[in-house]
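A structural walkthrough
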Amino acid sequence: MLDFEIAKKKKMSIKCRVWWPKEISSSKFSSSSRSLLLFGWFVSCSPSCLDVVVAFAYSDDFLALHSSDSAIQEAIYHANEAMPVTLQKSSLTVLGRCVLPFENTLHVHNFNMINHDQNLHSCNYAEDFLLNGQQTSLANPANSSCGCVDYDGLLEQCKHAFHCSSIWIQLVHDACSYSSIEIAWIPTLDHLHWNGKVLPSAELHVMIYETPRYGSHHFAINFCSTKLTKCPTKRPKWVEELYHKPQLIDLDTVILAINCSSAANIYFYKDLGLQSSSQQSVLCMFLNFIWRLLAIVVATCSTFLYIVLQFFNKVVGSGSNFWLCTTLTNIFSNTWKNIQVRCHQFLYWPIVLDEIGLRSRASVEYAEKAGLQRHSLWSSAVIDVFLGNFVGYALLIHAEDLLEWFSTIAIHFTDDVLRTGCVWLMGVPAGFKLNTELAGVFGIISLNAIQIWSTLWFSAADVFSYVIKAVALSGILLGMTISVALISDMIAIATFHVNILEYWISLLYSLQIQALTALWRLFRGRKWNPLRQRLDSYEYSVEQHVVGSLLFTPLLLLLPTTSVFYIFFAIMNLTIIFFLTLIEIIISIIHDTPYSKILIWLVSSKRFPSGIWFETLHCQSVSDASSADGSLNNVEARKFAPILSLLHSNIFSFGQLAFPHYKNVCSGFQYKTLRSAISGILTGKSNSTMPRPEVPPEMPWMSVSYKDYWYICYNAVLACLQ
Amino acid sequence: MDEYSTPAPWKWRKVAYGGMQPGFDDNHTDDSFLKDMVTNANVVKRDLYKVILDSVCITQYLCTVILVVLVWTYTLASAVSFESLLFLDITLLVSGFVLLLITASMISLKLLVQYILNILYFTIGLYALSPIYHTLTRSISSDSIWALTTMLILLHLFMHDYTGCTVKAPGSVANPTLSSNISLNTSIIASVLIASRLPSRQLVFAVVLFSLQVFLFAPFIVYCMKRYSTWLYLCFSLVLVGLTLALVYRLQGFLFGLLLGLLVFINFVCPYWLTRIQKYKFEINGPWDEAKLCFDITE
């Protein structure tokens, strides 16, 4: 009250925003209805502005016909209980009335009484309200039927039900039609009553929105949900308070209220018992039956798969005691990881699919977000197996050609690249004059290693056809990622000799570099202090100097030889690792792509809002209704033309939709890891710091009984239909 | 104004406070300004004879180094065989030990045994490393090696600590400084580089052993000798210089002339020059200098 007085003194008019659903404006009401009873939320965050979110409206004769005031009250209360907790603070109430057209000619003046409070103080305003009621009847003797008194009883009940008195607004129908947006009329504000005083001047802003429905569209103001979670502010609280500006609009609550309006309507309707029993057509029943059959089939198949997986798990569990199994899992690490991911997908798909209480989520935004997550597991597995079938059949058909191509590649790699390279290095490579003995030693060792390994592989050449068939079979049965992982593991095994040679040469090279740096420090009379990470001056004894000098010369002069060999093998190894990393990226992409989301986006992109914008239309008020009554208060009777806006939402583009899911792929390619990898290569440290994309984390193994699992699958598939 | 130019009633005082003293300008320079100045306080009066005697140590070391280079030259030209080199090494070692025993004041049996053990490890290590040194610089051209060696030897001569003894002798005060360490390292690297040009492994071992013996132990022996008796030291130096000149003369006449000139310059001309320009030395110290600690920190 005090705030209002201050505001009045400052000649500040109240800003009132009415969020009006389009369906009310475009639907027809029966001719006997005088006015509409509006239900919704009041949201206010400062004393000079008010947001009125209208959720739904019923004509008062319809309600009077079907229910009593107390029933309405109960229905509102139950509906409010089902709303999200943040919305329950500004509780669902009866907002007020909107007077319909034909009545307008009779009633010239309509009072709007608004008792404004923040729902914090409990009983201060009770007296004000009573006072208002009396004042209304006193102040307007000419209009005894302003209609507000009728609802006093309802208001009293509301007041008792909630802690504080509710708010009441009265709107007038204003006939300016916009055929472009299919709206026949918009509401206007006439007078504003505040604690017994009429304030005719209030800036009204009407925002028209289409009621969000599940499966159709909704509104969201978060651009990208992942960005919100990262709050980098580490400033103390008083800094934020310093920059704290008074909030003018609580947009989060308003949008949440808009998203919940449809659910509130349904709950209210159900609770009043007005729901008509829908008659199912024959087609619906038939579809239902078919769907149940499908559910049974799918449940049986997946239970069978579940039994197989449990058996497999038992075998693996018992086999993990043998070192052979553990070495195999280490060698085929990529395949093993992907098999585990696949098992996880096969086990958990019904649980993820069967999200309980989807429809009972009041906010359409939350329901949509939860719904999109449901289909991720099974769609990923199905697409994977689908692709795997392609790849598998292709491999089976072209098995011999592949074998031939593979052996040519292998021979070319071994002879033309590795062996020729080693021989070239032993001579005078690129004009470098290397130490002949040391180069000879390195060269002979590498050539021997290559010889041994290639002999082993080519003697086992006839196994390759079976290997290719095994890869194809795994692709058909288990999916593309597993066969690709198997291929990458086979490549890693085949190039094992290069890996080993590179490891030893890099060890030698790094040792040589470290020794040289230590000896160089000796010459300068300095010593490395590992505790303080700095160089200290130090006096070495003469023997240390002598030995240091004697060792420094050969190490320095043999460095070119070692580094040339190191560079050669490092390049070989890096190429192989590059190809393996590419394969891992492909697997990651196949795992991480949100297929169901993309499909839904292609079909109905409106279900992915990324922001809101307002289209402003202007409407000159037709009812320049009279100020002939004069001002009841000493406020000037100013009339404001209401501003009309349409609420639209932006849609995610394809990139914004899909890109956040590829975080795993990009996680390996950060600047820091790349920098450390490059410095590791230059100094010869082992290259286990190469960027690798991560595989999705695992969940624990399921140990549900088979019958329970069947029921879970059945219920999950059934729930899809609803 | 006239009444202010009367002579000051009090003397000018050198104080840091009190503001302007009346009757004197702000930048008044008193007669007693440089009263506390001390001239040539740390300057040592040099005697020509003494300076000549002191510069003998430079010429002696120079001749030692030249002798080593001569041995290298002869070995590279295959004029010296492995056996003779080995004989040379052993002779040097034995004579060095003898001299040490004669001249060193506090030498105990334990220290001697320690020296012998060190030398033994050293020799075995060198023998093991000599195959590596043999092929170390095969791929580098001879000119680069010789240029590098020359530069390293020059660096060694410049950085050498002529007053010290390279190896830390028992009872000596000064610690080896950074420049003496650098000179030691450069000499060792130079000898290894030269040794790697030799044709056979045994020659490598012998040459490296010889060079290292001279570079490491010769200053120490000379230091002990100098401490024992100056005359012995002077005679030894004279013999050394004579030997060097004779050998260089045998090698090449031009180099002999150059060396003679250099020796005369260092030993006679430079001391005379130093004593002659001594009189121009004008060092001033006064109360305006930084305070210096006047005690020595020894270990």
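Structure first, text after, so check above.
In short, a report on the structure.

Procedures and definitions
Residues numbered from 1 in each chain as written. Chains lettered and ligands numbered in written order. Predicted model: local features only at pLDDT ≥ 70, side-chain atom pairs only at ≥ 80, totals over all residues. Heavy atoms only, no water. Helix = DSSP H or I, 4+ residues; strand = E, 2+ residues; numbered from the N terminus. Rg over C-alpha atoms; globule rule 2.2 N^0.38 Å. Contact = heavy atoms within 4.5 Å. Lys, Arg positive; Asp, Glu negative; His and termini not counted. Charge placed at Lys NZ, Arg CZ, Asp CG, Glu CD. Salt bridge = Lys/Arg side-chain N within 4 Å of Asp/Glu carboxyl O. Polar contact = N/O pair within 3.5 Å; in protein donor to acceptor, adjacent residues only side chain to side chain. Nonpolar A, V, L, I, M, F, W, Y, C, P; charged D, E, K, R; others polar. Buried < 20%, exposed > 50% of the residue type's maximum accessible area, 1.4 Å probe, protein only. Pairing = 2+ DSSP bridges. Expected span 1.5 Å × (residues − 1). Arc of directions from axis to C-beta. Phe/Tyr/Trp six-rings, centres within 6.5 Å; stacked < 30°, edge-to-face > 60°. Core = buried A, V, L, I, M, F, W, Y, C linked by side-chain atoms within 4.5 Å. Axes fitted to C-alpha atoms, helices over the stretch in contact; angles between N-to-C directions. Parallel < 35°, antiparallel > 145°, perpendicular 65-115°, else oblique. Left-handed = near helix turned anticlockwise from the far one by under 90°.

1. Notes on the overall build of chain B
Check the secondary structure of chain B and you find nine helices and two strands. In chain B, the order of α-helices and β-strands from amino to carboxyl end is β-α-α-α-α-α-α-α-α-α-β. Its C-alpha atoms give chain B a radius of gyration of 28 Å, clearly above 19 Å, the size a compact globule of 299 residues would have. Seen through its C-alpha atoms, chain B measures out along the principal axes to roughly 100 × 50 × 40 Å. Across chain B, the fraction of contacts at a sequence separation of at least 24, relative to all contacts at a separation of at least 6, is 78%. Treating the 19 positive side-chain charges of chain B as one cloud and the 18 negative ones as another, the clouds have centres 14 Å apart.

2. So, the interface of chain B and chain A
Taken together, the contact pairs 26 residues of chain B with 20 residues of chain A. At the boundary of chain B and chain A, one finds zero salt bridges. Across the contact surface, chain B and chain A share five residue pairs in polar contact (both at pLDDT 80 or more). Looking at the side of chain B that touches chain A element by element, the count peaks at nine residues for helix α6 (residues 178-195) of chain B. Considered class by class, the residues forming the side of chain B that touches chain A number 16 nonpolar, eight polar and two charged.

3. Description of the side chain of Ser183 of chain B
All names here are of chain B. Its location among the elements puts Ser183 in helix α6. Its relative accessible area of 2% is what places Ser183 among the buried residues. A distance of 2.7 Å separates the side chain of Ser183 from the backbone oxygen of Ser180, its partner in a polar contact. Excluding residues that lie within four positions of it along the chain, Ser183 makes contacts with His156, Met159 and His160.

4. Quick word on the pairing of strand β12 (residues 534-537) of chain A
Residue and element names in this part refer to chain A. Note that strand β11 (residues 526-529) and β12 share four bridges and pair antiparallel. Bridge pairing in β12 links Asn529 to Arg534. If you look at the hairpin formed by β11 and β12, you'll find four residues sitting between the two strands, and Gln533 has a positive phi there, around 55°.

5. What to know about helix α8 (residues 230-251) of chain B
Residue and element names in this part refer to chain B. Taking 1.5 Å of rise per residue, 22 residues should cover 32 Å, and α8 covers 32 Å from first to last C-alpha, within 8% of that figure. Within the span of α8, buried status applies to Tyr233, Leu234, Ser237, Leu240, Val241, Thr244, Leu245 and Val248. Projection of α8 onto a plane perpendicular to its axis shows the buried side chains occupying an angular sector of 130°, all on one side. Structural note: α8 exposes Trp231, Leu238, Val239, Tyr249 and Arg250 on the side pointing more than 90 degrees away from its buried face. Buried residues along α8 sit against α1 (48-54), α2 (56-76), α7 (201-228) and α9 (253-277). Put simply, Ser229 is the residue that caps the front of α8, since its side-chain oxygen is 3.4 Å from the backbone nitrogen of Trp231.

6. Considerations on the packing of aromatic side chains
Any two aromatic rings considered together are summarised by their centre-to-centre distance and by the angle between their planes. All names here are of chain A. By the definition in use, this model includes 29 aromatic pairs over all chains. Between Tyr58 and Tyr269, the aromatic rings sit 6.1 Å apart at their centres with planes inclined by 15°, giving stacked as the arrangement. Here Tyr269 lies in helix α11 (residues 251-271) and Tyr58 lies in strand β3 (residues 49-59), a separation of 211 residues in the sequence. The partly exposed category is assigned to Tyr269, whose relative accessible area is 29%.

7. Brief notes about the side chain of His160 of chain B
Inspection of the secondary structure puts His160 of chain B in the loop between α5 (142-159) and α6. Those residues in contact with His160 of chain B that lie beyond four places of it in its chain are Tyr61, Thr166, Ser183 and Pro219 of chain B.

8. Digging into the environment of Glu241 of chain A
In this structure, Glu241 of chain A sits in helix α10 (residues 237-242). Taking the C-alpha atoms as reference, Glu241 of chain A lies 43 Å from Ile72 of chain A; in sequence the two are 169 residues apart.

9. Things to note about the nonpolar core
Judged by nonpolar contacts, the single largest core of 90 residues is most densely connected at Val546 and Leu550 of chain A together with Trp72, Leu126 and Leu212 of chain B. Per-element tally for this core: the top contributor is α7 of chain B, with 16 residues. What Leu550 of chain A contacts, discounting residues up to four positions off in sequence, is Phe122, Leu126, Tyr133, Ile188, Val192 and Leu212 of chain B. With 34 residues, the next largest nonpolar core counts Tyr58, Ile76, Met207 and Ala264 of chain A among its residues.

10. Considerations on the pairing of strand β1 (residues 14-21) of chain A
Both faces of the sheet carry side chains from a regular strand, because those side chains alternate between them. Residue and element names in this part refer to chain A. In terms of burial, β1 is largely enclosed, as seven of its eight residues are buried. Relative to strand β10 (residues 202-209), β1 runs parallel, the two being bridged by eight bridges. Of the residues in β10, the one forming a bridge with Lys15 is Glu203. Where β1 lies against β3, five bridges are found, and the strand directions are parallel.

11. Things to note about the packing of helix α18 (residues 436-459) of chain A against helix α21 (residues 496-523) of chain A
Residues and elements named next belong to chain A. Between α18 and α21, whose axes approach to 9 Å, the crossing angle comes to 160°. With respect to their mutual orientation, α18 and α21 come out roughly antiparallel. Crossing geometry of α18 relative to α21 is assigned as right-handed. Listed contacts from α21 to Phe442, Ser446, Ala449, Ile450 and Trp453 of α18 are Phe496, His497, Leu501, Ile505 and Leu508. Across the contact of α18 with α21, the residue classes tally to eight nonpolar, two polar and no charged.

12. Overview of unusual backbone geometry
Positive phi is not limited to glycine here, since Gln533 of chain A has a value of about 55°. By the secondary structure assignment, Gln533 of chain A is in the loop between β11 and β12. Even without a glycine there, the phi angle at Ser78 of chain B is positive, about 60°. You can see Ser78 of chain B is positioned in the loop between α2 and α3 (82-103).

13. Remarks on the packing of helix α14 (residues 333-353) of chain A against helix α16 (residues 376-397) of chain A
All names here are of chain A. Contact geometry for α14 and α16: axes closest at 8 Å, N-to-C directions at 140°. Accordingly, the angle class assigned to the pair α14 and α16 is oblique. Pair α14 / α16 crosses with left-handed handedness. Listed contacts from α16 to Arg342, His344, Gln345, Phe346, Tyr348, Trp349, Val352 and Leu353 of α14 are Leu377, Trp378, Ser380, Ala381 and Asp384.

14. Overview of the environment of Leu245 of chain B
Mapped onto the elements of the fold, Leu245 of chain B is located in helix α8. If we skip the residues at most four places from it in the chain, Leu245 of chain B touches Phe256, Leu259, Leu260 and Leu263 of chain B.

15. Side note on the pattern of salt bridges
Residue and element names in this part refer to chain A. Within this structure, the stated rule accounts for nine salt bridges over all chains. One salt bridge connects Lys369 with Glu365, and the closest N-O pair in it is separated by 3.3 Å. Here Glu365 and Lys369 lie together in helix α15 (residues 364-374), a separation of four residues that amounts to about one turn. Glu365 sits in the buried class, given a relative accessible area of 8%. For the salt bridge of Arg419 with Asp415, the shortest nitrogen-to-oxygen distance reads 2.6 Å. Taken together, the positions of Arg419 and Asp415, both in helix α17 (residues 399-426) and four residues apart, correspond to about one turn of that helix.

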